[in-house]
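Summary of structural features
Residue-level listing of the chains:
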Amino acid sequence: VLGIFDSGFGGLSVLRAIRKALPEHDMMYLGDSARTPYGTRSREIVTRYTKECCLYLFERGCHLIVLACNTASAETLRELQQRWLPALRKNANFESQSAKNIIGVIRPIEEEAVLQTKNNVIGVVGTRSTVQSQAYVEELTALNPDVTVVQQACPLLVPLVEEGWERKPETRMILRKYLQPLKTRNPDLLILACTHYEALHKVFQQKMGSRCMVFHSPPILAKKLVQYLQHHPEYDKHIPRRGRTVFLTTGDTERFSEIGERFYGKIVDTVENVEVENVFPCQNI
Ligand code: DGL
């Protein structure tokens, strides 16, 4: 099964695009809504939460997990891939015979961004953690040293989107304030480096003006995932093709269905409430 993980609802916009690109693959979405937001927490906490959620998804039969959450990708992916997964694979309790992996969302977006920018100035908006981690700055400039990255943390946006305030004048005003310093640097491309911001794409585009393209991240991620699966046929036999989607949340299931629908674009039904703490004895690795 293909696992999609996010700190809450935002990743459902990524699931939506992936589902469109891969209509038959069985998928399991886990939103850690009980502990959202991640974007204001320390790296240590985000890492612990992300590990717990990934372990849970592995235990439920996922073989490949997409960290749809930018905050989790920025803060934890390196640790997860380079240290945690190899240690986990050595643990006797972890079924290590078959391919199991975790992939993030930052690299695929960046690859597309360096291809598309013409003036080599790329804007990045995200949570405070994502911006402070410098993950986008480091990796974008590694891909192309001529690129200048201008970042802006927008910590007020996640709660506004969660409350459904996308169209309110207050939200537009806050967005204008956030984007003012960024606009003066004239990026020709803006990356919405937070799953929630996709709901504000239209407003971002209006505020940035026509000389700046605001990326739609979900379809780019879906396209890159299809390519990844083509290059990794070892996952084929572990991802059944019955078109099933299972929705899991650590929070309230009714709220998940209600708000989730806005991100997923379709009814989010039969949501299961799960506990992800202490799933597995090798938690402390
Ligand atoms: N999903 C997170 C991201 O993409 C944002 C929400 C949060 O702060 O938990 O960065």
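A brief report on the enclosed structure follows.

Of the regular secondary structure elements, the protein chain holds eleven helices and ten strands. Computed over C-alpha atoms, the radius of gyration of the protein chain comes to 18 Å, within 12% of the 19 Å expected from 2.2 N^0.38 for 285 residues, which places it in the range of a compact globule. Within the protein chain, the proportion of its 285 residues that are buried is 58%. Long-range contacts, defined as pairs at least 24 residues apart, comprise 77% of the intrachain contacts of the protein chain with a sequence gap of at least 6. Carbon together with sulfur atoms contributes 48% to the accessible area of the protein chain, which is approximately 13,000 Å² in total. A distance of 6 Å separates the average location of the 36 positive side-chain charges in the protein chain from that of its 32 negative side-chain charges.

Turning our eyes to something else, we now look at the site of the ligand. Among the 14 residues in the neighbourhood of the ligand, the closest are listed as Ser7, Tyr38, Gly39, Thr71 and Thr195. A distance of 3.0 Å is found between a nitrogen atom of the ligand and a side-chain nitrogen or oxygen belonging to aspartate 6. At 2.9 Å, a side-chain N or O of threonine 195 approaches a nitrogen atom of the ligand. Considering the ligand on its own, with 300 Å² of exposed area, one finds that the protein chains cover 99% of that surface. Looking at side-chain class alone, the shell around the ligand contains five nonpolar, eight polar and one charged residues.

Attention now goes to helix α9 (residues 201–208). Looking at α9, one finds that the buried residues are His201, Val203, Phe204, Lys207 and Met208. Burial along α9 is one-sided: seen end-on, the buried residues are contained in an arc of 165°. Residues of α9 that are buried in the fold lie against β5 (121–126), α7 (157–162), α8 (169–183), β7 (189–193) and β8 (213–214). Where α9 ends, the next residue or the one after it, glycine 209, has phi of about 85°, a positive value.

To continue, consider the environment of lysine 177. Among the secondary structure elements, lysine 177 is positioned in helix α8. Sequence spacing of lysine 177 and cysteine 154 is 23 residues, and the spatial spacing of their C-alpha atoms is 9.7 Å.

With that settled, consider the sheet that holds strand β2 (residues 27–31). Taken together, the six strands give an open sheet; going across it, the order is β4-β3-β1-β2-β9-β10, and neighbouring strands pair in parallel fashion. Two strands lie at the open edges of the sheet, namely β4 (101–103) and β10 (271–273), each paired on one side alone. The sheet shows a mean angle of 25° between the axes of neighbouring strands, direction not considered. Bridging between strand β1 (residues 2–6) and β2 involves five bridges; their strand directions are parallel. Each bridged residue has a counterpart across the sheet, and for leucine 2 the counterpart in β2 is methionine 27. On the sheet, helix α2 (residues 43–59) packs against β1, β2, β3 (64–67), β4, β9 (245–249) and β10 and is oriented at approximately 150° with respect to β3.

This part takes up the sheet that holds strand β6 (residues 148–153). Read across the sheet, four strands follow the order β6-β5-β7-β8 without closing on themselves; strand pairing throughout is parallel. If you trace the sheet from one side to the other, it starts and ends with β6 and β8, each paired once. Summarising the sheet, β5 and β6 pair through six bridges and their orientation is parallel. Looking at the pairing, valine 124 lines up with glutamine 151 of β6. Contacting β5, β7 and β8, helix α4 (residues 106–116) crosses the sheet at an angle of about 170° to β7.

In this section: the packing of α8 against α9. Taken N-terminus to C-terminus, the directions of α8 and α9 make an angle of 50°; their axes are 10 Å apart at the nearest point. Taken together, the axes of α8 and α9 lie oblique to each other. Here the hand of the crossing between α8 and α9 comes out right-handed. Contacts between α8 and α9 involve Arg172, Leu175, Arg176, Leu179, Leu182 and Lys183 from the first element and Val203, Phe204, Gln206, Lys207 and Met208 from the second.

In most cases, non-glycine residues show a negative phi, while peptide bonds are predominantly trans. Cis geometry marks the peptide bond from threonine 36 to proline 37, where omega comes out at 0°. In this fold, proline 37 is placed in the loop between β2 and α2. Of note, glutamine 134 is a non-glycine position whose phi angle comes to about 65°, a positive value. Although it is not a glycine, threonine 270 adopts a positive phi angle of roughly 40°. Along the polypeptide, threonine 270 turns up in the loop between α11 (253–264) and β10. Threonine 270 gets classed as exposed once you look at its relative accessible area, which sits at 70%.

The rules behind these values
Residues numbered from 1 in each chain as written. Predicted model: local features only at pLDDT ≥ 70, side-chain atom pairs only at ≥ 80, totals over all residues. Heavy atoms only, no water. Helix = DSSP H or I, 4+ residues; strand = E, 2+ residues; numbered from the N terminus. Rg over C-alpha atoms; globule rule 2.2 N^0.38 Å. Buried < 20%, exposed > 50% of the residue type's maximum accessible area, 1.4 Å probe, protein only. Contact = heavy atoms within 4.5 Å. Areas by Shrake-Rupley, 256 points an atom, 1.4 Å probe, with all protein chains shown as cover. Lys, Arg positive; Asp, Glu negative; His and termini not counted. Charge placed at Lys NZ, Arg CZ, Asp CG, Glu CD. Near = heavy atom within 4 Å. Polar contact = N/O pair within 3.5 Å; in protein donor to acceptor, adjacent residues only side chain to side chain. Nonpolar A, V, L, I, M, F, W, Y, C, P; charged D, E, K, R; others polar. Arc of directions from axis to C-beta. Pairing = 2+ DSSP bridges. Axes fitted to C-alpha atoms, helices over the stretch in contact; angles between N-to-C directions. Parallel < 35°, antiparallel > 145°, perpendicular 65-115°, else oblique. Left-handed = near helix turned anticlockwise from the far one by under 90°.

In short, shape yes, function no, at least from these values alone.
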